Structures are given as C-alpha cells and as structure tokens.
Amino acid sequence: MNKQQLVATIIGEKKNPTKQIGEAFAPANIALCKYWGKRNEQLNLPVTNSLSISLGNRGTNTRIEINTSGYDEIILNGKLVTREHKFYSNLISFLNLFRPDGICFKVITDSNIPIAAGVASSASGFAATIKALNDLFAWQLSEQKLSILARLGSGSASRSLWHGFVEWEAGKDTDGLDSFAKPLPYVWPELRIGLLLFSTEQKSISSRQAMAATVNNCPYYSLWPSRVEFAITYMKKAIIERDFVKFGQVLESNALEMHALMLATTPPIMYSNADTIAGMQAVWLARSNGVAVYFTQDAGPNLKLLFLQKDEEVIKKLFPRVELVEPWDDRCI
Ligand code: 2P0
C-alpha cells in the first residue's frame, strides 16, 4: 500500500468541495516517551508507541481556500512562502494526496511556535491542515482516521489531533490502518511546561534523516523498543498516581536515551549546543536544591521543562528566559 492508496481507502473517491473555505486549529505536542525510528518510511509507521502532551493554545491555525487564480499559494505567519522553500514542497506534496483534479489552494497558516526548531511545529501544522481539509471537503471523518492521514505528513502529527495526554499506537499492519493516536483519559491540571528556546534556526539534520540514520547505523538501536515500552507503562502509572518524581525521571531518561542513541550513531548526530548542556546542568542543580523540575529534548537544541504549578515562580527565577505553557484548557478531556 502506498500513501495514495491509503488515502483512497479512507476518503474514497476525491470529490470537489462544496464550500470555499476550511479552517482548523491543532495544538503542538511534546513527546514524553519519544517516537524515534520507523518500520515503514513511506507511510511514517513507527517502530514503537509514543506518548505526548499537547501544548494547549500553542499550535497552528490553518485556513484553506479554493484558489481561483490557477496556482497554489501558501502564506505562513503573514509571509508568502516561495516555491523553492522546503515548507512549500512538503505542504504541497501533502495537499496533492487529497487534491481533486483542477483544484488549487490558498493556504493561510499561522503558528505561534517556532518553525523547525524541534518544537513540533510540523506536528501541529499537518494536524491543522488535515482538519481544515476535513472541513473544506466535508468528509466528516473521525479523529482516528484524521490521525492516520495527519501521520502521512509527519509521524508526530498523528498525536496533534487532541489536547492533553495522547498515545500513538504503532500498530502492526503493513497498510498502516492500525497506526493512529488516541487521547488518554488522564488529566493533571497542575502540570506545567516551560520552553527554553536557545535557537529557532533550522536544524542541521532533519529528524527524518536522523531517525533513519539511528535505525540503520546505531549498534544500540535494538535496545530502544523495549526501553520505550517500559517507559510508557511506567509513565502511565506515574500519571495515574500523580507521582511527579516518577513521571519526571522517566521522561528525562527517555529523552536522554534517544539522544544517546544518536551520539552512538556513525556518523554521530548531536542536536545539543552549549546552551543545551548548560540548561541541563541548571536543571540538575535545581533538583539537587530541592526543586522538582525535569527536561525533555527533541530534534533540536531547545529544552522543554516539566514542573508543577506550585514551582512556577521559582522556575521563572531560575530560568528567566523560560516561556511558560499551560497545557490544559477546557478542550482537554
Ligand atoms: C517525537 N520527534 O516523538 C519525536 C522525538 C522528534 C524527537 O517526531 O519523519 O517530524 O515526519 O515522521 O514527526 C519529529 O519527527 O518525523 C519527532 P517524520 P517527525 O515527537
């Protein structure tokens, strides 16, 4: 099964839209137990499950209009994106999967998170796009089906259909129809996220390339699936028990293990810079002084801090540049 066949299985025959505009918002998400490695690169099928938390009102709003001018246009954060830009080709390739003959789009997309700095902007971007298409074409698909379609844009986008804690099930089928995310029925209103953004520059190696390199050229990758399985089980237990120390330990270890695999890959991959290392050391110092704060890191140098509401003021003092995110809002289940 290829992408186009999978899309046809889900949406059926491509039909022209009955309205002119579709619009939707999707939150960014941060993986607490990471997705790192694919069993099928074409369909973005992961080796393992992953578990994330969404970033409340931080994410992407996308409006898709039928463009009568005869060409596609993409406007990102108020600026026209040129055809040479990777953002343009990535989004157009995704839209082509759903485009009926002769239809052109104008896409107006606004993101309030840094693009391609390892803060999951592609996740909310593709999730918002598929929701906006669902609106435009009136497919009326379930969120589960939208999660499968969002995954074809970017794996982590499968988790951005919901607020709160989300688990993406790796699935086993070769067609990818059983690989989708689902919201977890747990809330933890006191949980807070702090973004420590050191760089909003494009990353030197895409997560897609880095993931493939790790799978193929890291001698320890075979250990990863069982480590993630253990981390997810342990984390769910910590969430249910509201045991923040257990929760923090597992999320930090999981991130460090992922980056350790990358360091042990030939040639090595390192997303950290000097600020990242200083940030990690500051977190460990804070912990040794009794502040319960833990970090995670994705495919970029930035850190995301996890802590509880009661420590908000002390975190602001210790990390003056931190951007606080309240993951919960009334859209959480
Ligand atoms: C995650 N990351 O679970 C992991 C952890 C980065 C580090 O998913 O190739 O953009 O499009 O499926 O989803 C980033 O990779 O990769 C990512 P593709 P994606 O959030």
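Residues numbered from 1 in each chain as written. Predicted model: local features only at pLDDT ≥ 70, side-chain atom pairs only at ≥ 80, totals over all residues. Heavy atoms only, no water.

In this structure, Phe98, Leu149, Phe165, Leu191 and Phe247 are the most contacted members of the largest nonpolar core, which totals 90 residues. If we ignore the near neighbours within four places in the chain, the residues touching Phe98 are Val7, Ile11, Lys14, Ile130, Leu133, Phe137, Trp139 and Leu149. Counting residues in each nonpolar core, the second largest holds 14 residues, with Ala286, Phe295, Leu303 and Leu305 among its members. (Core = buried A, V, L, I, M, F, W, Y, C linked by side-chain atoms within 4.5 Å. Buried < 20%, exposed > 50% of the residue type's maximum accessible area, 1.4 Å probe, protein only. Contact = heavy atoms within 4.5 Å.)

Turning our eyes to something else, we now look at the sheet that holds strand E11 (residues 294-297). Spatially, the four strands line up as an open sheet ordered E11-E12-E10-E13, and their pairing is antiparallel. This sheet does not close on itself; its edge strands, each paired only once, are E11 and strand E13 (323-325). The sheet shows a mean angle of 30 degrees between the axes of neighbouring strands, taken without regard to direction. In this structure, strand E10 (residues 191-196) lies alongside strand E12 (residues 303-308), joined through six bridges in antiparallel fashion. Bridge pairing in E12 links Leu191 to Leu308. Contacting E10, E11 and E12, helix H7 (residues 244-263) runs over the sheet at an angle of about 30 degrees to E11. Running at roughly 160 degrees to E11, helix H8 (residues 274-288) makes contact with E11 and E12 of the sheet. (Pairing = 2+ DSSP bridges. Helix = DSSP H or I, 4+ residues; strand = E, 2+ residues; numbered from the N terminus. Axes fitted to C-alpha atoms, helices over the stretch in contact; angles between N-to-C directions.)

Attention shifts here to helix H2 (residues 86-96). Turning to H2, its buried residues are Tyr88, Leu91, Ile92, Phe94 and Leu95. One side of H2 carries all its buried residues, which in axial view fall inside an arc of 160 degrees. Close packing links the buried residues of H2 with strand E4 (50-66), strand E5 (73-76), strand E7 (105-111), helix H3 (121-136) and helix H4 (143-153). (Arc of directions from axis to C-beta.)

Glancing now at the site of the ligand. Near the ligand lie 17 residues; those nearest to it are Tyr35, Lys38, Gly155, Ser156 and Arg208. At 2.8 Å, a side-chain N or O of Ser154 approaches an oxygen atom of the ligand. The backbone of Gly155 places a nitrogen or oxygen atom 2.7 Å from an oxygen atom of the ligand. Look at the ligand: alone it shows 470 Å² of surface, and the protein chains cover 92% of it. (Near = heavy atom within 4 Å. Polar contact = N/O pair within 3.5 Å; in protein donor to acceptor, adjacent residues only side chain to side chain. Areas by Shrake-Rupley, 256 points an atom, 1.4 Å probe, with all protein chains shown as cover.)

Position of Ser111 among the secondary structure elements: in strand E7. According to the relative accessible area criterion, Ser111 is buried, its value standing at 13%. In terms of polar contacts, Ser111 uses its side chain to reach the side chain of Thr60, at 3.2 Å. With near-sequence residues (within four places) excluded, Ser111 lies in contact with Gly59, Thr60 and Asn77.

With that settled, the discussion passes to the pairing of E10. With six of six residues buried, E10 lies mostly within the body of the structure. Because side chains alternate across E10, one face comprises the buried residues Leu191, Ile193 and Leu195, and the other comprises Arg192, Gly194 and Leu196, equally buried. Note: E10 against E13, three bridges, orientation antiparallel. Bridged to Gly194 within E13 is Leu324.

Before going further, it helps to examine the environment of Leu251. Positionally, Leu251 belongs in helix H7. Considered as a pair, Leu251 and Gly290 are 39 residues apart in the sequence and their alpha carbons are 18 Å apart. Dropping the residues within four chain positions of it, Leu251 is found in contact with Leu32, Met235, Phe295, Thr296 and Leu306.

Right, let's talk about the pairing of strand E8 (residues 165-168) for a bit. Residues of E8 alternate between two faces, with Phe165 and Glu167 on one and Val166 and Trp168 on the opposite face, all of them buried. Where E4 meets E8, four bridges bridge the pair, whose relative direction is antiparallel. The residue bridging Ser50 from the neighbouring strand is Trp168, located in E8.

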